[in-house]
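Remarks on the overall topology
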Amino acid sequence: MPETRRLDPATEWTEFTATQDDWDAAPPQLLTSMFSQLVLIRAFEELVLQLAGEGLVHGPAHSSIGQEGGAVGSCIALTTHDTVNGSHRGHHQFLAKVLTHLHPDGLDPTKTWPDDVRAVLLRTLREICGLEGGFSHGRGGSMHLQWLEAGAIGTNAIVGGGVPLAAGSAWAHRNAAADAVTVTYFGDGAINIGSTLETFNLAAAWSLPICFFVENNQYAVATHVSEVTGEPRLSGRGPGFGIRSWKVDGMDPLAVHLAMWEALDHMRSGLGPTLIEADVYRYFHQNGPFPGSAFRYRSKEEETEWRERDPLDNTAGHLRRRGLLGDRDVEEAVARTRALMSELASTILEPKPNGKPRERQIKPAEWPDPGFVDEGVRSDLSELADLRFTDTEDHADRLEQVKFIDAVAGVMRRRMETDPRIVVLGEDIHRLNGGTNGATRGLKESFPDRVLGTPISENAFTGLAGGLAMDGRFRPVIEFMYADFMWVAADQLFNQIGKARHMFGGTGAVPLVLRSKIAMGTGYGSQHSMDPAGIFATAPGWRVVAPSTPFDYVGLMNTALACDDPVVVLEHVDLYSSSGPGIADDWDYHLPLGRAAVRRRGSELTVLSYLTMLRHVLDAVSEVGTDAEVIDLRWLDRASLDWETIEASVRKTGRVLIAEQGARGTSYGGWLADEIQRRLFDWLDAPVHRITGGEASPSISKVLERAAFAGTDQVVTMLHEIAGE
């Protein structure tokens, strides 16, 4: 018989219960402050549900009524410098953090609520209703609440989407030598999401000061946790990743608070992440003012049992028992709070003209200006105002043949020497003498704490980098080994990083650079060969740059790193081994953002291309003898495209060819051709011509792979067709 022995996790997992002795020992100010927050949050949520019932909240109203104990018990232990983010059901998390920020010494429920409390509740209500006076001018609404001043770094509508971002905030705290921690709130649904589990592993591996706070409200919409999870004690996930974990009754705010203090001591002592599972219960359905029993997935008996453990009533009962508040004090605090909510509603509402009695509408002056709709998708580029831009014509006497990969590694080394905010992260970048292509050669030895070799978990480390960028103390540079892996991290790239500035009001910087290579022709097949330019060009928020020479790489990367927008820097595997014009001893110049390069002058045809396809175009033009003007676009996104250069060329030639290597379906040239024909129709003598690869992704067979993407032969054929030959 084989020998067996029991294996125990390397870290503790405990269930935490507060006793009456704990309630008796708790400081009176703590309990009255908890009660104050519970009363304010409960009444605020009741107001939101009332307005939702009247059709005055556009979009969902995910009520947290019943769950307030977890948020209040945990947030009241935090400082302003600690950061939190949360889920789509995040009003209570946001308000608990904000109220603690405004009044760290607590709120007295026997007194009139302070003006700053009224102001922040009104501002929150305006945001939830989509109004100009909200934190994000109404863009974020109910599910995207952010107030950086208070350490509330943003609730999130994507289940599990905010967890990797919180890890970035925690990394920033630790590496800025701050004593702060991050708490990320999510539910029983998000704990089964890959990005959440990836972040557990990353946080534990890097010993980050982050608390994963699981509000287990038993139901993901209408599906009970026991139906979809083999171990419904969700805090059991923590020890599997080496994370110290607690399970606590979330209907008991003091129990949550005491557990949080233990977790804070663990994190502030540098011992790594923690996980707290708080069992809570939302009294209403996933969205709106009806109980779950109305939809028949919960029984009225179950709802009654949970309501009998109400965190507000529970706390009020202990205050009465200890003689800290009387019945009249509690009743007056509740009445005063409801009166405040009525006042807030009257501030933004008015009677509906010609409506029924008591019908209301939002006051017209409260709405944002429709002209604000696209403001703040990207930076206004004022951060580049002090840069001195140059280009090849300024350095004709200094240009020499330089290896492309040396430019990649050299400029990053120089920027890391001069800017301590830059952090580089990706898979294997700290090994193999600079990663799989040598792009980070020597950086780990020179900057050991700022070159981070990551697990194979693109969602987690991309989100962590996004959180770093939004924190503002660091400038992350991500390396994706292959561009196809962007799909793995699509939520973080497109739902989070790309949308963050606009979604939260249009002013927050997101200084992040994503480097990745296009590997067509290497035999790596369908899942390692894509050109993502067309995807990113249609995604709001991103800037896209495609350097084709060593000189361009240095200048464009420097500009990308100075920009406060997320920038994807596309590289082509064929370029790594090539040499081209560059300056061997200068890593500090900047090329202008939004400036293309005319690589060949001509008068009969304008050819637009980028990256290695540019070489195929130039070879084909030379072979055919076409009098073509060849433009290297450099910047590919909508906001940065050089329309001045394109228009001047089209006015001269009257004809356009867009040439790219990649697949037809995700083509960059598709949208560009449409834009050219709309903008420059009066100067076109023929429809815009396009060269792309085939419909299918490149496959492994050398012959089939070569047939899948465009090259010199396809350009030659097209040039003959355009010439009518």
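Residues numbered from 1 in each chain as written. Predicted model: local features only at pLDDT ≥ 70, side-chain atom pairs only at ≥ 80, totals over all residues. Heavy atoms only, no water.

In the annotation of an unreviewed UniProt entry, the entry for the protein chain reads dihydrolipoyllysine-residue succinyltransferase, and the organism field reads Actinomadura meyerae. Turning to the protein chain, the UniProt record has this under Catalytic activity (unreviewed entry): "N(6)-[(R)-lipoyl]-L-lysyl-[protein] + 2-oxoglutarate + H(+) = N(6)-[(R)-S(8)-succinyldihydrolipoyl]-L-lysyl-[protein] + CO2". (UniProt positions renumbered as here; feature names shortened; annotations may be inferred.)

**Some thoughts on the domain arrangement of the protein chain**
In terms of domains, the protein chain is made up of domain 1 (13-362), domain 2 (382-582) and domain 3 (598-723). A straight line from the C-alpha centre of domain 1 to that of domain 3 covers 53 Å. (Domains from an automatic or database assignment.)

**Quick notes on the sheet that holds strand E1 (residues 13-16)**
The strand order E1-E8-E9-E5-E4-E2-E3 describes an open sheet built from seven strands, whose pairing is parallel. Edge strands, defined here as strands with exactly one partner in the open sheet, are E1 and strand E3 (152-155). Neighbouring strand axes in the sheet, compared pairwise and without regard to direction, differ in orientation by 15 degrees on average. With three bridges joining them, strand E2 (residues 83-86) and strand E4 (residues 182-187) adopt parallel strand pairing. Within E4, the residue paired with Asn85 across the bridge is Thr184. Running at roughly 170 degrees to strand E8 (residues 244-249), helix H10 (residues 253-268) makes contact with E1, E4, strand E5 (210-216), E8 and strand E9 (274-279) of the sheet. (Pairing = 2+ DSSP bridges. Helix = DSSP H or I, 4+ residues; strand = E, 2+ residues; numbered from the N terminus. Axes fitted to C-alpha atoms, helices over the stretch in contact; angles between N-to-C directions. Contact = heavy atoms within 4.5 Å.)

**Structural notes on helix H5 (residues 115-128)**
End to end, H5 covers 20 Å across 14 residues, agreeing with the expected 20 Å (1.5 Å per residue, within 8%). Within H5, the full set of buried residues consists of Val117, Val120, Leu121, Leu122, Thr124, Leu125, Arg126, Glu127 and Ile128. The inward-facing, buried residues of H5 contact helix H2 (28-53), helix H4 (91-102) and helix H13 (327-348). Count one or two residues on from H5 and you reach Gly130, which has phi positive near 75 degrees. (Expected span 1.5 Å × (residues − 1). Buried < 20%, exposed > 50% of the residue type's maximum accessible area, 1.4 Å probe, protein only.)

**Considerations on helix H17 (residues 490-503)**
Where burial is concerned, most of H17 is hidden: eleven out of the 14 residues are buried. Turning to H17, its buried residues number three or more, namely Ala490, Asp491, Gln492, Leu493, Phe494, Gln496, Ile497, Gly498, Ala500, Arg501 and Met503. Looking at the buried positions of H17, the neighbouring elements they touch are helix H6 (162-175), helix H16 (458-471), strand E15 (475-480), strand E16 (513-518) and helix H18 (533-537). Looking at the residues trailing H17, positive phi occurs at Gly505, about 110 degrees.

**Considering the state of the cysteines**
Under the defined criterion, the tally for this structure stands at zero disulfides. Here Cys75 is not cross-linked by a disulfide; its sulfur's nearest cysteine counterpart is in Cys211, at 10 Å. Of the residues examined, Cys211 reaches a relative accessible area of 0% and is grouped as buried. (Disulfide = S-S within 2.5 Å.)

**Comments concerning the nonpolar core**
Ranked by size, the top nonpolar core spans 120 residues in total, and within it Leu514, Tyr668 and Ile676 carry the most contacts. It is helix H19 (residues 550-562) that provides the largest number of residues to this core, a total of eight residues. Residues within four places of Tyr668 in sequence aside, it is in contact with Ala533, Gly534, Ala537, Tyr610, Leu633, Leu636, Leu641 and Glu660. In terms of nonpolar packing, the next biggest core, distinct from the first, is built from 87 residues, Phe94, Ala96, Ala152 and Ala345 among them. (Core = buried A, V, L, I, M, F, W, Y, C linked by side-chain atoms within 4.5 Å.)

**Quick notes on unusual backbone geometry**
We note that Gln218 has phi near 80 degrees; this positive angle belongs to a residue other than glycine. Take Gln218: it is sitting in the loop between E5 and strand E6 (219-220). Classification of Gln218 by relative accessible area gives buried; the value is 11%. At Leu381, a residue that is not glycine, the phi angle is positive and equals roughly 70 degrees. When you line up the elements, Leu381 lands in the loop between strand E11 (360-362) and strand E12 (400-403).

**Considering the pairing of E2**
With burial as the criterion, each face of E2 is covered, one bearing Thr83 and Asn85 and the other bearing Val84 and Gly86. Bridge analysis of E2 against E3 gives two bridges, and the strand direction is parallel. Within E3, the residue paired with Val84 across the bridge is Ala152.

**Focus: the sheet that holds strand E14 (residues 451-453)**
What holds strands together in a sheet is hydrogen bonding between their backbones, with the strands either parallel or antiparallel. Taken in spatial order, the six strands make up an open sheet running E14-E13-E15-E16-E18-E17, and their pairing is parallel. Each edge of the sheet is formed by a strand with only one pairing partner; in this case those strands are E14 and strand E17 (543-545). Here the average twist between neighbouring strands, direction ignored, is 20 degrees. Where E17 and strand E18 (residues 567-572) come together, three bridges link them in parallel fashion. Note that in E18 the partner of Arg543 across the bridge is Val567. On the sheet, H16 packs against strand E13 (422-426) and E15 and is oriented at approximately 160 degrees with respect to E15.

**Observations concerning the side chain of Asp310**
The topology assignment puts Asp310 in the loop between helix H11 (300-307) and helix H12 (311-321). On the basis of relative accessible area, Asp310 is assigned to the buried category, the value being 4%. At a separation of 2.8 Å, a polar atom in the side chain of Asp310 contacts the main-chain amide nitrogen of Leu312. Other than its neighbours up to four places away in sequence, Asp310 contacts Arg42, Met251 and Tyr283. (Polar contact = N/O pair within 3.5 Å; in protein donor to acceptor, adjacent residues only side chain to side chain.)

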